[in-house]
Amino acid sequence: MKKNIPLFFLLLGLLSACEVLDQRPESNFSPANFYKNADDAKAAVSSIYDPLNNANLYGQVMWIIQDQATDDAEWGNGRSTANQPKNDLDKYTFTPATVTFQSLWSTVYTAINRANTVLARVPAIDMDNDLKNRYLAEAKFMRGFYYFTLVRLFGGVPLITTETTSLSNLNVARASVDEVYAQIIQDFTDAENVLPTTYSTADRGRATKGAAKAFLAKVYLTRQEWPKASAKAKEVIDLGVYDLWANFADAFAIANKNGKEAVFEVQALSGGFGEGSWMQGYMRPTFDRVNGVAGFGDDPPTENLYHTYRADDKRRDVTLRLYSATGTPAAPASVLFPCYVNKYLDPTATGNGDGGNNYPIIRYPDVLLMYAEALNEQTANNADAYAVVNRIRNRAGLPNLTPNLSQAQFRDSLLLERRLELAFEGHRWYDLARTKRLVAALKAQNPGITVGEHHYLFPIPQTERDVNPLLTQNPGY
C-alpha cells in the first residue's frame, strides 16, 4: 500500500457514504465511535461500492482502459490528441508513469481497505445476525471483485486482507497470480453461500448470489477451468431470475435499470450531464447537443468495429451512431470516421437532471456466452452451447450459427458474438488478453501500433514502486 495515504484519509474515505453524511458531523468519525449499530454497518458496506462511480474507475478510467486499449475504440482519427493518457492507451505508448494506472491502483486499494475494515469491525456490532452476515458477504464479494480487476490488469499484486490500522509495515510484496486468484475464489464462494438471490427495491444494485456465481464463472473462464466455468454459469441460469429483454435496446433503457438482464451494474446517479447516462457526457461528440448538453467525444468506436456488424444486426445502430457531413447534426469534415457510442443514450431523457443510466459489468448475455464458451472447450458441437448463442443472435435479427462448426470455428464465432453483443461494456480487452489475441487484433486494426507480448499486462505504477521498494515491475516495462 502507499505510504502517502495515511489511515486518517482512508477512514475519511470509508465514511463518505451519504447515509453517514446525513447523520452526524464528519469531525466525530472514528472507528471507536462509528461501528455501533446496523445503520453504521450499512453505511460502511455502501462505501465499498462507492468507488465504482469514481472517475478513476467506472466513472471514466476503466472503460477507457477496457475499450481504448482494444480494436473497438481509437483515440485521434481527426479528434484532439491533447489528452495524452488516452492517446497513450490507444497507441500503446504508455509507461509505468502514465497517471491512469496510478489513479486506478490507489482507488482500488482504498476500496479494498474499506472491505477489510468492514470485515474486521462489523462482526462486533450488536444487530440482526442475518443482516450482519449479508453485509459481510457483500464486503467479501466486493473485495473479490476489486482483486479480480487488479490481477487481470497487472498480474500478481500485493494481497492485503486485513484492515490498515497504522502507518507501520505498509510495504507489501506482490503475491503470485495463483495466490491472488485463490483469495478471489474464496471471497466469491463465501459470498455466494450467503447473499440473497434478489433484493427489495431499496437495495437493488447490491451484490447478489447470481452476481457472485457469475463472477466465479468469469474467474474460471479466465483461468481456463472449463468444467467449473460452465457449472457456475449454469447455476446462474438455473436461478431463474434472469432473462433477455425482447429487444436489445431495452437492456439500456433507464426504466429497466437493475432489470432482468442486470447481473451486476454500476449504479449511476441522476443528474450530471443529463443525457440519459453519465457515460454519454464523455462519449457523445461535441457537435451533437442533447437537451442543451454536448459531450467530449471520448471512446470513439473504430471503423473496424462498425463494419464488423452485419447491416441487418439490430445491435449495430443501438450500440453505435454513425454521423454524416450532411446529417442533423452534421459531423465536421475533420473527423475522418464520425462514429460514437450510442448504447447508453436513453431517448426518454428530458432534461439536464434526467440521467443516470447504469453501467453493466455483467449482463445476462455475458453469462450465456460464458456458458457456451466453456461447453465448447470441453466438447465440440455441444447442443446447449449452440442454443444459448442462437438465442442471442436471434434477438439481434440474425440467423442461427452455422451447424457442425469445428471447436476452433465455434470459438472464433463465440468471440465475435461477445464483441458485437457486449461492445463498450468493458469486456473486449479482457477477452483478447485471456485468449491471447490482443497483439494480433491490435495490429490488424492499426498496423502502426507497436504492441508486444508484454502488453498482456499493464505496468505497475511507478509512483507505487517509488514508495514501496518491494514492488517488482512487470517484464518489458
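See above for the structure.
Can you break down the overall build of the chain residue by residue, with the values?
The helix and strand tally for the chain stands at 20 helices and four strands. Expressed as a percentage of its 477 residues, the buried residues of the chain come to 60%. Taking all contacts inside the chain whose residues are at least 6 apart in sequence as the whole, residues at least 24 apart take part in 69%. Put simply, the chain shows about 18,000 Å² of open surface, and 51% of that area lies on carbon and sulfur atoms.

Give a detailed account of the side chain of R315, specifying residues and quantitative values.
By the element assignment, R315 lies in the loop between α13 (303-308) and α14 (316-319). Relative accessible area serves as the criterion here: at 0%, R315 is assigned to the buried category. Looking at R315, its side chain comes within polar contact range of the side chain of D313, at 2.9 Å. Look past the residues within four positions of R315 in its chain and what remains in contact with it is F248, Y309, I392, A396, L398, E417, L420 and E421.

Could you give an account of the nonpolar core, naming the residues involved and the relevant values?
One finds L104, F141, Y146, F154 and F458 to be the most contacted residues of the largest nonpolar core, which totals 131 residues. Counting residues per element, this core draws most heavily on helix α8 (residues 129-154), which supplies 14 residues. Of all hydrophobic cores here, the second largest spans five residues; its members include F287, Y323, V335 and Y340.

So what about the pattern of salt bridges? Which residues, and what values?
Taken as a whole and assessed by the stated rule, the structure comprises 42 salt bridges. Residues D238 and K234 are paired through a salt bridge, measuring 2.8 Å at the closest nitrogen-oxygen approach. Note that D238 and K234 are positioned in helix α11 (residues 226-238) at a spacing of four residues, about one turn of the helix. R363 is paired through a salt bridge with E421; the nearest N and O atoms lie 3.1 Å apart. Placement of the pair is R363 in strand β4 (residues 359-363) and E421 in helix α17 (residues 407-421), with a sequence separation of 58 residues. Comparing R363 with E421, the two get one shared label, buried. Among the ionic contacts, a cluster of salt bridges with common partners joins E261, D313, R315, K343, R363, R393, R395, E417, E421 and E425.

Could you give an account of the packing of helix α7 (residues 99-121) against α8, naming the residues involved and the relevant values?
Two quantities define a packed helix pair, namely the angle between the helix axes and the distance between the axes. Two elements in contact, α7 and α8, have axes separated by 9 Å at closest approach and are oriented at 155°. Accordingly, the angle class assigned to the pair α7 and α8 is roughly antiparallel. Our pair here, α7 against α8, has a crossing hand that is left-handed. Of the residues in α8, those touching α7 at F101, L104, W105, V108, Y109, A111, I112, A115, N116, V118 and L119 are L136, A139, K140, R143, Y146, Y147, L150, L153 and F154. In terms of residue class, the contact of α7 with α8 is built from 17 nonpolar, one polar and two charged.

What counts and how
Position numbers for residues count from 1 along each chain, tracking the sequence in the order it is written. Since the coordinates come from a predicted model, pLDDT governs what is reported: local features require at least 70, and pairs of side-chain atoms require 80 or more to be given and counted, while whole-chain, interface and lining totals use all residues. With hydrogens and water excluded, all non-hydrogen atoms of the structure serve as input to the side-chain values. Runs of H or I in DSSP of at least four residues are treated as helices and runs of E of at least two as strands, each being numbered from the N terminus. Each residue's exposure class comes from its accessible area (1.4 Å probe, protein chains only) as a fraction of the maximum for that residue type: buried when under 20%, exposed when over 50%, partly exposed otherwise. Should any heavy atoms of two residues lie within 4.5 Å, those residues are considered in contact. Here, Shrake-Rupley sampling with a 1.4 Å probe gives the accessible areas, and only protein chains in the shown set may cover a residue. Under this definition, polar contacts are N or O atom pairs within 3.5 Å; protein pairs additionally need one hydrogen-donor-capable and one acceptor-capable atom, and for neighbouring residues in sequence, both atoms have to be side-chain atoms. Side-chain atoms within 4.5 Å are what join buried Ala, Val, Leu, Ile, Met, Phe, Trp, Tyr and Cys residues into a set we call a nonpolar core. Salt-bridge detection follows one rule: a side-chain nitrogen of Lys or Arg within 4 Å of a carboxyl oxygen of Asp or Glu. Helix axes are fitted only over the stretch in contact, all axes being lines through C-alpha atoms; the angle between N-to-C directions runs from 0 to 180 degrees. Any angle that falls under 35 degrees is termed roughly parallel, while one over 145 is termed roughly antiparallel, one within 65 to 115 roughly perpendicular, and all others oblique. In a left-handed crossing the near helix is turned counterclockwise from the far helix by less than a right angle, and in a right-handed crossing that turn is clockwise. In the scheme used here, Gly and all other residues not listed as nonpolar or charged are polar, with Ala, Val, Leu, Ile, Met, Phe, Trp, Tyr, Cys and Pro taken as nonpolar and Asp, Glu, Lys and Arg as charged.

These figures capture arrangement, not role.
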